[in-house]
Amino acid sequence: MTNSWALRAPCHGIGAFAPNEDAWSTQADLLRMCQGLLGTCGPCPFRAECIATIKPVQAMFDGIAGGRLWCNGVVIAALEDVSDAELAEPKLRASCGTEAGARDHNRHGERACAACRQVARQVTARRKEEKARQPGQLALDIAV
Ligand code: SF4
Ligand SMILES: [Zn+2]
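Parameters at a glance
Residues numbered from 1 in each chain as written. Chains lettered and ligands numbered in written order. Predicted model: local features only at pLDDT ≥ 70, side-chain atom pairs only at ≥ 80, totals over all residues. Heavy atoms only, no water. Domains from an automatic or database assignment. Buried area = accessible area lost by both parts, 1.4 Å probe. Salt bridge = Lys/Arg side-chain N within 4 Å of Asp/Glu carboxyl O. Donors = N, O, S within 2.8 Å, 3.2 Å for Na, K, Ca; no water. Tetrahedral: all angles 85-135°; square planar, octahedral: opposite > 155°, others 65-115°. Helix = DSSP H or I, 4+ residues; strand = E, 2+ residues; numbered from the N terminus. Buried < 20%, exposed > 50% of the residue type's maximum accessible area, 1.4 Å probe, protein only. Arc of directions from axis to C-beta. Contact = heavy atoms within 4.5 Å. Phe/Tyr/Trp six-rings, centres within 6.5 Å; stacked < 30°, edge-to-face > 60°. Pairing = 2+ DSSP bridges. Axes fitted to C-alpha atoms, helices over the stretch in contact; angles between N-to-C directions. Near = heavy atom within 4 Å. Nonpolar A, V, L, I, M, F, W, Y, C, P; charged D, E, K, R; others polar.

A.B. asks: Explain the domain arrangement of the chain residue by residue, including any values.
C.D. replies: Considered domain by domain, the chain is made up of domain 1 (1-88) and domain 2 (89-144). When each unit is reduced to the centre of its C-alpha atoms, the spacing between domain 1 and domain 2 is 28 Å. At the boundary of domain 1 with domain 2, total buried surface from both sides reaches about 620 Å², with 57% on carbon and sulfur atoms. Between domain 1 and domain 2 we count zero salt bridges in total.

Below, the structure written as structure tokens:
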């Protein structure tokens, strides 16, 4: 990263944010090597710039960018306070507007599109309803 903000980023000068491919082979290796460094992104004000520059999804990036640990362009760990607003606009897919589409955005570490966000809200509401019905169902089962 040679942008001027990168020179002011907390990770400036730390080399282990994108480990050499020869140094690891599994997702577990990557987690072991990088998870401890994620906290460096905590106070970083440049997460969005970082993600926009590295383009982790398109680049199938392995390493830390924007408060997230990526493996093959997919988020495998993240700081608790990461926000979707830090991610680039979502890619639209044929699956958008379905549960699979919502899952696809999630898997690619990107912000869900409006249609997928709507589906995700409906799924959450349905699950809540189902959960709320369960105790009654249980009582009925026991009574029978
Ligand atoms: S978000 Fe993390 S990896 Fe990106 S510039 Fe900031 S400290 Fe570095
Ligand atoms: Zn979508």
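A.B. asks: So, the coordination of the zinc ion (ligand 2): which residues are in play, and what are the values?
C.D. replies: In the first shell of the zinc ion (ligand 2), the protein supplies C96 (SG), H105 (NE2), C113 (SG) and C116 (SG), at 2.1 to 2.4 Å from the metal. The coordination sphere of the zinc ion (ligand 2) comprises four donor atoms, whose angles at the metal cover 103 to 118°; the geometry is tetrahedral. Mapped onto the sequence, the residues coordinating the zinc ion (ligand 2) show the spacing C-x8-H-x7-C-x2-C. Of the two residues, H105 sits in helix α5 (residues 99-107) while C116 sits in helix α6 (residues 114-143), which places them eleven residues apart along the sequence. Residue classification places H105 among the buried positions, given a relative accessible area of 0%.

A.B. asks: I'd like to hear about helix α2 (residues 27-34), residue by residue, with values.
C.D. replies: All of the buried residues along α2 are D29, L30 and C34. Down the axis of α2, the smallest arc covering the buried residues is 105°, so these residues share one side. Against β1 (63-65), β2 (68-71) and β3 (74-78) lie the buried residues of α2.

A.B. asks: So, the packing of aromatic side chains: which residues are in play, and what are the values?
C.D. replies: This structure, assessed with the given rule, holds one aromatic pair. For the pair W5 and F46, a centre-to-centre distance of 5.6 Å together with 35° between the ring planes defines the contact as tilted. Taken together, the residues W5 in helix α1 (residues 4-8) and F46 in the loop between α2 and α3 (47-54) connect sequence positions 41 residues apart. One exposure class covers both W5 and F46, and it is buried.

A.B. asks: Please give an account of the sheet that holds β3 that cites residues and values.
C.D. replies: An order of β1-β2-β3 is seen for the three strands of this open sheet, with the pairing classed as antiparallel. If you trace the sheet from one side to the other, it starts and ends with β1 and β3, each paired once. Averaged over all pairs of adjacent strands, the angle between strand axes in this sheet comes to 40°, irrespective of strand direction. Taken together, the three bridges between β1 and β2 define a ladder with antiparallel strand orientation. Across the sheet, the residue bridging to A65 is R68, located in β2.

A.B. asks: Run through the site of ligand 1, naming residues and quoting values.
C.D. replies: Around ligand 1 lies a shell of 13 residues, among which C11, C41, C44, C50 and G66 are the nearest. Class assignment of the residues belonging to the shell around ligand 1 gives a composition of nine nonpolar, three polar and one charged.

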